[in-house]
Number of protein chains: 2
Amino acid sequence: MQPQPLESRRNARVQAFCRLRDSAGARRDAGRFVLEGLRLCADCVETGGTLSALYVTKTALDKGGARMDALLSGAKEVFLISDPVAEKLSDTVTTQGVFAEVPFPKTRPFAPAAGERYLALDAVQNPQNLGAAARTAEALGLTGILLFGGCDRFSPKALRASMGALLRLPVWEAASVSETLAAAARVLPVFAAVPDKTALPVQQADFSGGAVVVVGNEANGVRPETLECARRLTVPMAGRAESLNAAAAAAILIWEMVRA
Amino acid sequence: MQPQPLESRRNARVQAFCRLRDSAGARRDAGRFVLEGLRLCADCVETGGTLSALYVTKTALDKGGARMDALLSGAKEVFLISDPVAEKLSDTVTTQGVFAEVPFPKTRPFAPAAGERYLALDAVQNPQNLGAAARTAEALGLTGILLFGGCDRFSPKALRASMGALLRLPVWEAASVSETLAAAARVLPVFAAVPDKTALPVQQADFSGGAVVVVGNEANGVRPETLECARRLTVPMAGRAESLNAAAAAAILIWEMVRA
């Protein structure tokens, strides 16, 4: 496909891309999100995603390579962008000059089975924490991720911090915490992490038949409505009474879920 | 002490503060670093640190409180800054209007003892990772932290991500990796984390007599010179062949060091 030239930072497509990049609301309204970087875009195509539009600089196009070929043949529209447009689209310090718009993936029904292992994030606000937790979940081989309370899986920062794990891992966004955890509880034990010495120490939990483990918001922890559906679990802290960072807590909990 | 007014963003002290905030080199040259926020400044004073200068807005001063009293009585010089100066000094989106300059703490000799537990970071570049690892190390009760290869403990981002742990925990910056790890190895086992299936799985390591565990650079891992002084250890990854984020790896390793 012959790329269409796109040279003005004021072009309506450029403006629309920036809105999708910066606003979760704009993403929801459009049903699309954006990606930056050759690797994330390739991750998306390799996992069955569709690029509704691909934006590349001449430098990136000339560099080419197998990944770029896959992007070019997979994209519905391709735009050859100027360096000023690339700077405008970019969310990073030094851009590779490769961007895409991607429709939200189809949501499948959440159908957990015995033996499966899920991390659930409840109203986690910081996209870096969401991305880092997804990266750990993928590296350690969890089945998938559940998101409650508006965790933003399509935030560019979360996608980048996840190193693409948020594109590759099965992810469910659950509108109803109680229904989702009730469905899970029919086949799996459901735990929620709390900073509370009286809760079950994580190393004593039995994860041999799989589990769902919920990690909560950075400031407020797991929400009461979520706690009602779960057994309280804790990472015992021997040090000062500070809490763990959400991504660090997730790493320890995920590790315990898979630790042989 | 009567605060001195400081209203111009072009004041030489303001410029100097910003250089200390933004440049590790400027910090080294001056032997000072900077803090932002009431809590971090209070953490510093409570752990025996000295504020060579304190900068506060009228709003912050009027708000007062026990922590502010401690800062005011502990600071060698106090400046009452205008809101524009506060914005200039700030590294955050919404500033509290409280800043300090602090001399580097005195370095004590590193004298490890049997039973102690240390995390060592080898050329970790990302200040968020350094800060998050320090926060986990403190929460889980490690003895202290060793820094090799230029990890920047006085970066404002690292200090903030550590939630003050980098001020409270004993931290050593080691010029010579081999000498430091040789000293440690006389009383403690020394391990280095690698993404390598042939290395010792971390859950099989014996941490009962204490240990030093080294986590390496985000892109390149532990440096060869450091690996030479340590036994190779790994967090087994069942998932796709992606590596863990440095802070997530540190969280799992620290947890295993203290796991009862």
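Cut-offs used in this document
Residues numbered from 1 in each chain as written. Chains lettered and ligands numbered in written order. Predicted model: local features only at pLDDT ≥ 70, side-chain atom pairs only at ≥ 80, totals over all residues. Heavy atoms only, no water. UniProt positions renumbered as here; feature names shortened; annotations may be inferred. Helix = DSSP H or I, 4+ residues; strand = E, 2+ residues; numbered from the N terminus. Contact = heavy atoms within 4.5 Å. Axes fitted to C-alpha atoms, helices over the stretch in contact; angles between N-to-C directions. Parallel < 35°, antiparallel > 145°, perpendicular 65-115°, else oblique. Left-handed = near helix turned anticlockwise from the far one by under 90°. Nonpolar A, V, L, I, M, F, W, Y, C, P; charged D, E, K, R; others polar. Buried area = accessible area lost by both parts, 1.4 Å probe. Salt bridge = Lys/Arg side-chain N within 4 Å of Asp/Glu carboxyl O. Polar contact = N/O pair within 3.5 Å; in protein donor to acceptor, adjacent residues only side chain to side chain.

- Per an unreviewed UniProt entry, chain A is named RNA methyltransferase, and its organism is Candidatus Fimenecus excrementigallinarum.
- The UniProt entry for chain A carries this comment under Sequence similarities (unreviewed entry): "Belongs to the class IV-like SAM-binding methyltransferase superfamily. RNA methyltransferase TrmH family."

**Considerations on the environment of Gly97 of chain B**
Residue and element names in this part refer to chain B.
Then comes step 1: Relative to the helices and strands, Gly97 is located in the loop between α6 (83–89) and β5 (98–103).
Then comes step 2: Residues Gly97 and Asp83, 14 residues apart in the sequence, show an inter-C-alpha distance of 7.7 Å.
Then comes step 3: Dropping the residues within four chain positions of it, Gly97 is found in contact with Tyr55, Val56, Thr57, Ala60 and Ala86.

**A closer look at the packing of helix α7 (residues 127–139) of chain B against helix α12 (residues 246–258) of chain B**
Residues and elements named next belong to chain B.
Then comes step 1: Where α7 meets α12, the closest approach of the two axes is 8 Å, and the angle between their N-to-C directions is 15 degrees. On the basis of their axis angle, the class for α7 and α12 is roughly parallel. With respect to the hand of their crossing, α7 and α12 are arranged in right-handed fashion. Residues Asn129, Ala132, Ala133, Thr136 and Ala137 of α7 pack against Ala246, Ala247, Ala250, Ala251 and Ile254 of α12.
Then comes step 2: Tallied by class, the residues present in the contact of α7 with α12 amount to 8 nonpolar, 2 polar and no charged.

**What to know about the interface of chain A and chain B**
Then comes step 1: Contacts between the two partners involve 27 residues from chain A and, on the opposite side, 27 residues from chain B.
Then comes step 2: Between chain A and chain B lies a buried interface of about 2,600 Å² when both sides are counted; carbon and sulfur atoms form 56% of it.
Then comes step 3: Run the count over chain A and chain B and you get 2 salt bridges.
Then comes step 4: Here Glu256 of chain A and Arg259 of chain B are joined by a salt bridge, their closest N and O atoms 2.6 Å apart.
Then comes step 5: Where chain A meets chain B, there are 9 residue pairs in polar contact (both at pLDDT 80 or more).
Then comes step 6: Broken down by secondary-structure element, the contributors of at least two residues to the side of chain A that touches chain B are α7 (127–139) and α12 (246–258) of chain A.

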